[in-house]
Amino acid sequence: MPKKINVAIVGATGMVGSAVLSILEERKFPMNKLYLLASKRSAGESREFNGKMLTVMDLETFDFSQTNLSFFCASNEIAAEFAPKAANMGNIVIDKSSFFRYHSDVPLIVPEVNGHMLAKVKKNSIISSPNCNTIPIVIALKPIYDAVGISRINVATYQSVSGTGKDAVSELVEQTAALLNGKTIKPKVYPQQIAFNILPHIDDFQENGYTKEEMKIVWETHKIFEDQTIAINPTAVRVPVLFGHSAALHIETKSKITVDQAAALLSKAPGIKLMKGKNAYPTPAHDAAGQDPVFVGRLREDISTEKGLNLWVVADNIRIGAALNAIHIAERLFKKNAQKRKEKS
């Protein structure tokens, strides 16, 4: 990768693409040119970056030979069609869709957890970024997994509507206003009312009775930890929260670990902010929304089993759950290549 690179954001007008744009500016990511790409419907719109207005270009007609790095923040269909094209034209593609996550030849990366996998990444590669649930879960579990191993995970997630997209955010706001004013509502995005309600249904139901969202936690955790032996039992729930996903994690470790020992590990782990104190716990609205860390609280031993530990995990699903993880991957790659150039000089 050159010293300064040309970057494309595919899906630049969506929630994740907009967050990538914002975070690239915040973190002063070293690049030469930035191209914003979207569907023909959004082409011609403008977005501000570093005090300048950039015009959104049509993905269909874009020449990826102009770029070295592409962030894909779009649908599975877009990723399937255009990510290989971008890679074949010299790009490293970091894809946020689920399309490539389970391909054996595509690394699924959370830098704080399995960043060593990036050493194998070369030009013309696709890297997959996990689901917005999986990222904070594996970041929170990594230090415990490394210390004492994990044999079983029971997890219930409480996921905000922004995980579905802009239309879902609008639906929650509109339904809330309508119901508070005594008006009737007609759900469009979700199968049932989401305002003042919770839905234990995210993505399609599978033959085993679990939803695809729940199975993503299983598949992705196994792949990231490179450990198929972990028993994982997930329940994914949509809640009337705008931003920030939460997870109640109940784990069984291979060796006993105390709360104090776990707290010491989590306090030193990258990307984690441990909430300490008798009544301290993070929430999406108060702590996580708009913030980068994975917040962990309510750390306690499981009174039902000897080697059990409970954690409450909260994170901004658009930032660390999507955009920031992709940028962390790019930053690691850039640092790796800068080190190689330094060693050669």
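Small disclaimer: the values here were computed from a predicted structure and weren't measured. (Residues numbered from 1 in each chain as written. Predicted model: local features only at pLDDT ≥ 70, side-chain atom pairs only at ≥ 80, totals over all residues. Heavy atoms only, no water.)

1. Description of the sheet that holds strand 10 (residues 245–253)
Logical step 1: With mixed pairing, six strands are arranged side by side in an open sheet as 9-8-10-13-12-11. Only two strands of the sheet have a single partner each, and these edge strands are strand 9 (231–238) and strand 11 (272–274). Taking each pair of neighbouring strands and ignoring which way they run, the sheet shows an average axis angle of 20°.
Logical step 2: Inspection of the sheet shows strand 8 (residues 150–159) paired to strand 10 by eight bridges, in the antiparallel sense. The residue bridging Ile-153 from the neighbouring strand is Ile-251, located in strand 10.
Logical step 3: The sheet contacts of helix 6 (residues 212–225) involve strand 8 and strand 9, and relative to strand 9 the element is tilted by about 140°. (Pairing = 2+ DSSP bridges. Helix = DSSP H or I, 4+ residues; strand = E, 2+ residues; numbered from the N terminus. Axes fitted to C-alpha atoms, helices over the stretch in contact; angles between N-to-C directions. Contact = heavy atoms within 4.5 Å.)

2. Here's the deal with helix 7 (residues 259–268)
Counting along an α-helix, one turn takes 3.6 residues, and residues three or four places apart therefore face a common direction.
Logical step 1: Considered for burial, the residues of helix 7 that qualify are Ala-262, Ala-263 and Leu-266. All buried residues of helix 7 lie within an arc of 100° about the axis, which places them on one face of the element. In helix 7, the exposed positions that point more than 90 degrees away from the buried face belong to Asp-260 and Lys-268.
Logical step 2: The inward-facing, buried residues of helix 7 contact helix 4 (134–148), strand 11, strand 12 (294–301) and strand 13 (308–315). (Buried < 20%, exposed > 50% of the residue type's maximum accessible area, 1.4 Å probe, protein only. Arc of directions from axis to C-beta.)

3. As for the sheet that holds strand 6 (residues 92–95)
Logical step 1: With mixed pairing, the seven strands of this open sheet are ordered in space as 3-4-2-1-5-6-7. Because the sheet does not close on itself, it has two edges, and the strands there are strand 3 (46–49) and strand 7 (126–128). Here the average twist between neighbouring strands, direction ignored, is 25°.
Logical step 2: Sheet topology note: the strand 1 (residues 5–10)/strand 2 (residues 31–38) ladder contains five bridges and is parallel. Across the sheet, residue Ile-5 finds its bridge partner in strand 2, namely Met-31.
Logical step 3: In the packing of helix 1 (residues 15–26) onto the sheet, contacts are made with strand 1, strand 2, strand 3 and strand 5 (69–72), and the angle to strand 3 comes to roughly 25°.

4. As for the nonpolar core
Logical step 1: By size, the foremost hydrophobic cluster in this structure holds 85 residues, and its most contacted members are Ile-9, Leu-24, Phe-71 and Leu-311.
Logical step 2: For Leu-24, the residues in contact, after removing those within four places along its chain, are Ile-9, Phe-29, Met-31, Leu-34, Phe-49, Phe-71 and Ile-327.
Logical step 3: Core analysis: the second largest hydrophobic core is formed by 17 residues, Val-10, Leu-37, Phe-100 and Ile-126 among them. (Core = buried A, V, L, I, M, F, W, Y, C linked by side-chain atoms within 4.5 Å.)

5. What about the pattern of salt bridges?
Side chains that differ in sign of charge can pair as their charged atoms come close.
Logical step 1: Counted according to the given criterion, the structure contains 10 salt bridges.
Logical step 2: With a shortest N-O distance of 3.7 Å, Glu-213 and Lys-216 are connected by a salt bridge. A residue pair is termed a helical-turn pair when its members lie 3 or 4 positions apart in one helix, as Glu-213 and Lys-216 do in helix 6 at three residues. Each of the two residues, Glu-213 as well as Lys-216, counts as buried.
Logical step 3: Where salt bridges share partners, they join Glu-26, Asp-292 and Arg-319 into one cluster. (Salt bridge = Lys/Arg side-chain N within 4 Å of Asp/Glu carboxyl O.)

6. Quick notes on helix 5 (residues 166–180)
Logical step 1: Taking 1.5 Å of rise per residue, the 15 residues of helix 5 would be expected to cover 21 Å, and the 22 Å separating its terminal C-alpha atoms lies within 8% of that figure.
Logical step 2: The complete set of buried residues in helix 5 reads Ala-168, Val-169, Glu-171, Leu-172, Gln-175 and Ala-178.
Logical step 3: Directly beyond the C-terminal end of helix 5, a positive phi value near 75° is found at Gly-182. (Expected span 1.5 Å × (residues − 1).)

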